[in-house]
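# Close look at the chain arrangement
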There are 2 protein chains.
Amino acid sequence: MAVYTKVSRPELEKLLNGYELGRLQTMEEILQGVENSNYHITTSSGRYILTLYEKRVKPEDLPFFMALTKHAALKGIPCPLPIADRKGEVLQKLCGRDAAIVRFLEGSMTENITPSHCRQVGEALARFHRATEDFTMRRANALSCSGWERLVLACEARANEAAEDLSAVITSELAYLQKHWPDAAALPQGVIHADLFPDNVFFNGAQLCGLIDFYFSCNDFLAYDFAVCVNSWCFEDEKEFSHDRFDALLGGYESMKPLSEKEREALPLLLRGAALRFLLTRLHDWLNQPPGAIVKVKDPLEYRRKLIFFRENSLQRIQAA
Amino acid sequence: MAVYTKVSRPELEKLLNGYELGRLQTMEEILQGVENSNYHITTSSGRYILTLYEKRVKPEDLPFFMALTKHAALKGIPCPLPIADRKGEVLQKLCGRDAAIVRFLEGSMTENITPSHCRQVGEALARFHRATEDFTMRRANALSCSGWERLVLACEARANEAAEDLSAVITSELAYLQKHWPDAAALPQGVIHADLFPDNVFFNGAQLCGLIDFYFSCNDFLAYDFAVCVNSWCFEDEKEFSHDRFDALLGGYESMKPLSEKEREALPLLLRGAALRFLLTRLHDWLNQPPGAIVKVKDPLEYRRKLIFFRENSLQRIQAA
């Protein structure tokens, strides 16, 4: 992740004085990621990640994210356990930012997605959905159907700077989804990760060993979370839809938590909604790049392609024969 | 650890159905240890230890041990995090035993103790003492001064089977300690590990990375916990007292939590008490070996030697010049 906030060694040592993590040994900036400032730190107690929350994360949401990852980790979901200081507090202030220390997870994202990876991701997502059934805090999804309208309004006037028909694509798609999006009670809801892209899943060799980055987690349709994964895991080179990957992702999910008939029926719509959501946020970032930005803005047109694919192909057509 | 209770793969799979740990991949008996039955298990979520509690662990103490290790792990003490099932329960029943699954810790015990190991153990012990200051559950130490009398009564008649003067040694030592043992309020108390021997500390290369086996943990004098470590870490080949190791252990402890004047004054007595405690339990086990036992009984005379050393040497004499 791009480090926006530089933390000095003495500042970190002062923070660590409030913890029982022992002596600071090493600290190193982590360059991947786009949302927050992250440091890999080692102390005489082990390896940890220090995160400073930059402006995209709302301070009032942090207790939800921290409690959620703790809840999931205590049930064995391989996600980063937040570490409490001597007083029992997870959230800290450092360099004018909200900050937290979580346990380091081994592993790294995969560069070559195979159906085996997809199967494991599907299984892990279902286990996360089951493990959080008794999690009692709630957070609304600001980036669900009701939030897309705001983004379309902010982007439509300049959308054609990215592609000549893009304004028409997003306005027509929004209208379609607003008309057909399921009511809250129509599908099973729960806590969703909402951003389980390949860069948020770690593997150790061939084995899934970590889910990270829960900073979009919220309450929404569980099957929408699955649709986000289909969008992000099931296209080869982000272009060609892979039926094998889709079947593996679905098989993995359903081995732990079968989709209901209604969820299956809604899936084509949810796939389009997930595609639009990432198209809109990427378009918004692309249109609003600050001059000289250090962060590489992701290509919004990747999700235009995915959206068009899901418009044109029914669920029957995307499942392997 | 010696596996007393054999768990079949189907039995373990059935237990895992209640968890969100994914599919069982491998299970393997762990042969080290003497108290409980342990299995190393891997699931699609990672590596874990399954423990079945054998008769030495009282069921009513298990909630204390589980809550304590969770509390410490959440503060970054490198100890095994207990994993909750889907209902949030850590304690289970398996094969007629109480059982629990905890997260696997990397590392292994050291075969060659150096002052650097001792320094890290001292530091980790102090951090454990600090991290549990706000832990609210309590457990009395059944193996403190008041418990030794019971063991002496059970052993003294046959103690000379182990060494010809042993009955006189233990009865005279008990009398001395009973007379001089500090009142509860005389020294700082807290949660102690009470058994932080070299086989309960893991290292990864040169670095301490795990404290395990909290099944003697209880409330008692913090400096008594330190005295247990001196007994178990500071004798070369379990015979020659190492002043360098002692200084390193003390230095590590005091870098996090300086001993008070009163704790320092009491240390010679606490060292003798810790030596007697392990002499008595080992003697008891040695005298009561069941025929054909699979567990190797530890040598009680090792702690007779240590006790005599601490009788004959003051604190000034055991600190390196």
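The paragraphs below set out a description of the structure included in this document. Each chain has its residues counted from 1, running along the sequence as written. Chains carry letters and ligands carry numbers; both start at the beginning, A for chains and 1 for ligands, and go up in the order they are written. pLDDT decides what is reported in this predicted model: residues at 70 or higher carry local features, side-chain atom pairs at 80 or more are listed and counted, and totals for whole chains, interfaces and linings draw on all residues regardless. Only heavy atoms go into the side-chain values, all of them from the structure, while hydrogens and water stay out.

## Things to note about the relation of the copies chain B and chain A
- Mapping chain B onto chain A is achieved by rotating through 180° and translating by 0.0 Å along the same axis, at an RMSD of 0.0 Å. What the rotation and shift describe, once combined, is the action of a two-fold rotation axis.
- A contact between two residues is defined here by any heavy atoms of the two lying within 4.5 Å. Most of the interface of chain B is mirrored in chain A: 100% of its interface residues are interface residues there too. Each copy is superposed on the other by least squares, with the fit set by C-alpha atoms of residues at a pLDDT of at least 70 in both.

## Concerning the nonpolar core
- Grouped together as the largest cluster of nonpolar side chains are 183 residues, with contacts concentrated most on Phe246(A) and Phe246(B).
- For Phe246(B), the residues in contact, after removing those within four places along its chain, are Phe226(B), Val230(B), Cys234(B), Phe241(B), Leu267(B), Leu315(B), Ile318(B) and Gln319(B). Buried residues of nine kinds, namely Ala, Val, Leu, Ile, Met, Phe, Trp, Tyr and Cys, make up a nonpolar core once their side-chain atoms join them within 4.5 Å. Three exposure classes are used, based on accessible area relative to the maximum for each residue type with a 1.4 Å probe and protein chains only: buried under 20%, partly exposed in between, and exposed over 50%.

## Overview of unusual backbone geometry
Residues and elements named next belong to chain B.
- Despite not being glycine, alanine 194 has its phi angle at roughly 75°, a positive value.
- Each helix corresponds to a stretch of at least 4 residues labelled H or I by DSSP, and each strand to a stretch of at least 2 residues labelled E; elements are numbered beginning at the N terminus. Assignment of secondary structure puts alanine 194 in the loop between β6 (189-192) and β7 (201-204).
- For alanine 194, a relative accessible area of 5% puts it in the buried group.
- The phi torsion at aspartate 213 lies on the positive side, around 65°, for a residue other than glycine.
- Turning to its location among the elements, aspartate 213 is positioned in the loop between β8 (207-211) and β9 (218-221).

## Notes on the sheet that holds strand β2 (residues 37-43) of chain B
All names here are of chain B.
- The criterion for strand pairing is that DSSP finds at least two bridges linking the strands in question. Taken in spatial order, the five strands line up as β1-β2-β3-β5-β4 in an open sheet, and their pairing is antiparallel. A strand with exactly one partner marks an edge of an open sheet, and here the two such strands are β1 (24-29) and β4 (92-94). Recorded for the sheet is a direction-independent mean angle of 35° between the axes of neighbouring strands.
- Two strands pair when backbone bridges link them, and β4 and strand β5 (residues 97-103) are joined in this way by three bridges, in the antiparallel orientation. Considered in β5, the bridge of leucine 94 is made with arginine 97. Here, axes are lines fitted to C-alpha atoms. For helices the fit covers the stretch in contact, and angles between N-to-C directions go from 0 to 180 degrees.

## Some points on the interface of chain B and chain A
- Taken together, the contact pairs 37 residues of chain B with 37 residues of chain A.
- In short, buried area is how much 1.4 Å probe accessible area vanishes from two parts on joining, totalled over both. Interface area for chain B against chain A, summed over the two sides, is near 2,900 Å², with a carbon-plus-sulfur share of 37%.
- Among the residues of chain B in contact with chain A, Glu20(B), Leu74(B) and Lys75(B) are the three that bury the most area, contributing 23% of the side total.
- One speaks of a salt bridge when a side-chain nitrogen belonging to Lys or Arg is within 4 Å of a carboxyl oxygen belonging to Asp or Glu. The tally of links from chain B across to chain A stands at six salt bridges.
- Linking Glu133(B) and Arg86(A) is a salt bridge whose minimum nitrogen-to-oxygen distance equals 3.2 Å.
- Whenever a nitrogen or oxygen atom comes within 3.5 Å of another N or O atom, the pair is scored as a polar contact, on the condition that within protein one atom can donate a hydrogen and the other can accept it, and that pairs from neighbouring residues in sequence are kept only if both atoms are in side chains. At the boundary of chain B and chain A, one finds 28 residue pairs in polar contact (both at pLDDT 80 or more).
- Elements with a minimum of two residues in the side of chain B that touches chain A: α2 (62-74), α3 (115-131), β8 and α7 (243-256) of chain B.
- With five residues, α3(B) is the largest single contributor of residues to the side of chain B that touches chain A.

## Some details on the environment of Arg23(B)
- Examined against the element boundaries, Arg23(B) turns out to sit in the loop between α1 (9-16) and β1.
- Classification of Arg23(B) as partly exposed rests on a relative accessible area of 37%.
- In this structure, the C-alpha to C-alpha distance between Arg23(B) and Tyr39(B), residues 16 residues apart in sequence, is 16 Å.
- Discounting residues that sit within four places of it in the chain, Arg23(B) has contacts with Arg119(A), Glu123(A), Ser255(A), Met256(A), Thr42(B), Thr43(B) and Ser44(B).
- In terms of polar contacts, Arg23(B) uses its side chain to reach the side chain of Ser255(A), at 2.9 Å.

## Focus on a negative patch on the surface
- Only residues whose relative accessible area exceeds 30% and that form no salt bridge enter a patch; like-charged residues are grouped when within 9 Å of one another, and nonpolar side chains (Val, Leu, Ile, Met, Phe, Trp, Tyr) when within 5 Å. Using the Shrake-Rupley algorithm and a 1.4 Å probe, accessible areas are obtained, with residue cover drawn only from the displayed protein chains. The sign given to each residue is positive for Lys and Arg and negative for Asp and Glu; His and the chain ends receive no count. Just so you know, the charge point we use is NZ for Lys, CZ for Arg, CG for Asp and CD for Glu. A cluster of acidic residues, Glu236(A), Asp237(A), Glu240(A) and Asp244(A), forms a negative patch on the protein surface.
- Along the polypeptide, Asp244(A) turns up in helix α7 (residues 243-256).

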